[in-house]
Amino acid sequence: MSDQIFWYLSRSSGLVSWLAAAGAILVGTMIPSRLLGRKPTIPWLTDLHRMLAAMASVFLLIHMATLWFDEFVALRFDDLLIPWVAEIPGLSRTSLALGVIAAWLMAAVELTSLVRERLPERLWHSIHLTSYLILALGTVHAVLAGSDVTNPVIASIGTSALTAVILATVVRLRRRRRRPPPEDREVGPVERAPARQPEPVRAPGSLVDWPEPVSSTRDGTRPPATGRPPGPSGRG
């Protein structure tokens, strides 16, 4: 086994975690804005969003664990949990601290999502919006502390992912502003119940059912029945 196996695993797991986080934010932005139309369905996108978020958390843990096992960087347990404590030759403390802060924020987002039903919707949504801050901090951390940002393939993938997230967010905000408030939205045509048909009334001594006279008064009361069917002579 190579002595740099943990260093390779740390780099690759960090990149996968960042890409999964960007994908989760992108899919999460598409769900309310319906950027892809009615297909794929919202439940399918929701499952994809959760899967990508879980992948981001799992690979983040792998990223931190492999850094801890790497003998070259020689990070302690508190270096991975407390910002501005870790020291790696050639890297600034701020570049490492941004990664630690992003990790704590991701943990908060994931834990609150697991207990979403027990939290106020506004509180959960506010914490969930920090996903954009997580992506921003992770991006700066990768640029300042990562050793693969100069790779043209990695740079192209990262730039494309960030561009997609930004465009999807802009489209969502524009559609949200154009959406009228609930009281101003157009209401569709109201289905009216069919008009009540007059009940047939049989005149005394007649075998023919005549329609019951319909009231024409304003208060809706019916005139007293005469018991005589209409006819030219008024006879039954």
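As the structure is a computational prediction, the values presented were derived from the model and not from experiment.

A. Local environment of the overall build of the protein. When you go through the protein residue by residue, the secondary structure sums to 7 helices and 2 strands. Each helix and strand of the protein, placed in order from N terminus to C terminus, yields the pattern α-α-α-α-α-α-α-β-β. Counting across all 236 residues of the protein, residues that qualify as buried make up 28%. Long-range contacts, defined here as pairs at least 24 residues apart, represent 53% of the contacts in the protein between residues at least 6 apart. Put simply, the protein shows about 16800 Å² of open surface, and 64% of that area lies on carbon and sulfur atoms.

B. Representation of the packing of aromatic side chains. A full pass over the atoms with the stated rule returns 2 aromatic pairs. An aromatic cluster of three or more residues is present, and its members are F6, W68 and F69.

C. Fine view of empty space enclosed by the protein. Counted according to the given criterion, the structure contains 1 cavity of 30 Å³ or more. In this structure, the largest cavity encloses a volume near 680 Å³. Around the largest cavity, the lining comprises 40 residues; the ones closest to its centre are G14, H63, L67, G99 and H141. Those elements that place two or more of their residues in the lining of the largest cavity are helix 1 (5–33), helix 2 (42–69), helix 3 (77–81), helix 4 (93–114) and helix 6 (131–145).

D. Representation of the packing of helix 4 against helix 6 within the structure. Running from N to C, helix 4 and helix 6 cross one another at 155 degrees; their axes reach a closest spacing of 8 Å. As far as their axial angle goes, helix 6 and helix 4 are roughly antiparallel. Every pair of crossing elements has a handedness; the one defined by helix 4 and helix 6 is left-handed. Packed against helix 4, whose contacting residues are S95, L96, L98, G99, I101, A102, L105, M106 and V109, the element helix 6 presents S131, L133, I134, L137, G138, V140, H141, L144 and A145 at the interface. The class makeup of the residues in the contact of helix 4 with helix 6 is 13 nonpolar, 5 polar and no charged.

E. Representation of the packing of helix 4 against helix 5 (residues 121–128) in the model. Across the interface, helix 4 lies against helix 5 with an axial gap of 9 Å and an inter-helix angle of 150 degrees. Regarding the angle of helix 4 to helix 5, the classification is roughly antiparallel. In this structure, helix 4 meets helix 5 at a crossing whose hand is left-handed. When helix 4 is examined against helix 5, the residues A108, V109, T112 and S113 are found in contact with a partner set consisting of W124, I127 and H128. The residue inventory of the contact of helix 4 with helix 5, partitioned by class, reads 4 nonpolar, 3 polar and no charged.

F. Up close: the environment of A65. Structurally, A65 can be placed in helix 2. Sequence separation of A65 and S10 is 55 residues, and the distance between their C-alpha atoms is 8.1 Å.

G. Structural detail: the layout of surface pockets. Its volume calculated, the largest pocket comes out at about 830 Å³. As for the largest pocket, its lining consists of 27 residues, and the residues nearest its centre are G28, H49, S113, W124 and H128. It is helix 1 that contributes the most residues to the lining of the largest pocket, 7 residues altogether. A per-class count over the lining of the largest pocket returns 14 nonpolar, 8 polar and 5 charged. Every residue lining the second largest pocket is counted, 15 residues in all, and those nearest its centre are L60, L61, M64, L81 and A103. Counting residues per element, the ones that place at least two in the lining of the second largest pocket are helix 2, helix 3 and helix 4. Tallied by class, the residues present in the lining of the second largest pocket amount to 13 nonpolar, 1 polar and 1 charged.

H. Region of interest: the side chain of S131. Along the chain, S131 falls in helix 6. For S131, a relative accessible area of 15% corresponds to the buried category. Of note is the side chain of S131, whose polar atom sits 2.8 Å from the backbone oxygen of H128. S131 has contacts with I25 and V109, leaving out every residue within four places of it along the chain.

The rules behind the values
Residues numbered from 1 in each chain as written. Predicted model: local features only at pLDDT ≥ 70, side-chain atom pairs only at ≥ 80, totals over all residues. Heavy atoms only, no water. Helix = DSSP H or I, 4+ residues; strand = E, 2+ residues; numbered from the N terminus. Buried < 20%, exposed > 50% of the residue type's maximum accessible area, 1.4 Å probe, protein only. Contact = heavy atoms within 4.5 Å. Areas by Shrake-Rupley, 256 points an atom, 1.4 Å probe, with all protein chains shown as cover. Phe/Tyr/Trp six-rings, centres within 6.5 Å; stacked < 30°, edge-to-face > 60°. 1 Å grid on protein atoms, 1.4 Å probe; cavity = no way out; pocket = protein on both sides within 12 Å on 5 of 7 lines; lining within 4 Å. Points joined across faces, edges and corners; volume = space filled by probe spheres on them. Axes fitted to C-alpha atoms, helices over the stretch in contact; angles between N-to-C directions. Parallel < 35°, antiparallel > 145°, perpendicular 65-115°, else oblique. Left-handed = near helix turned anticlockwise from the far one by under 90°. Nonpolar A, V, L, I, M, F, W, Y, C, P; charged D, E, K, R; others polar. Polar contact = N/O pair within 3.5 Å; in protein donor to acceptor, adjacent residues only side chain to side chain.

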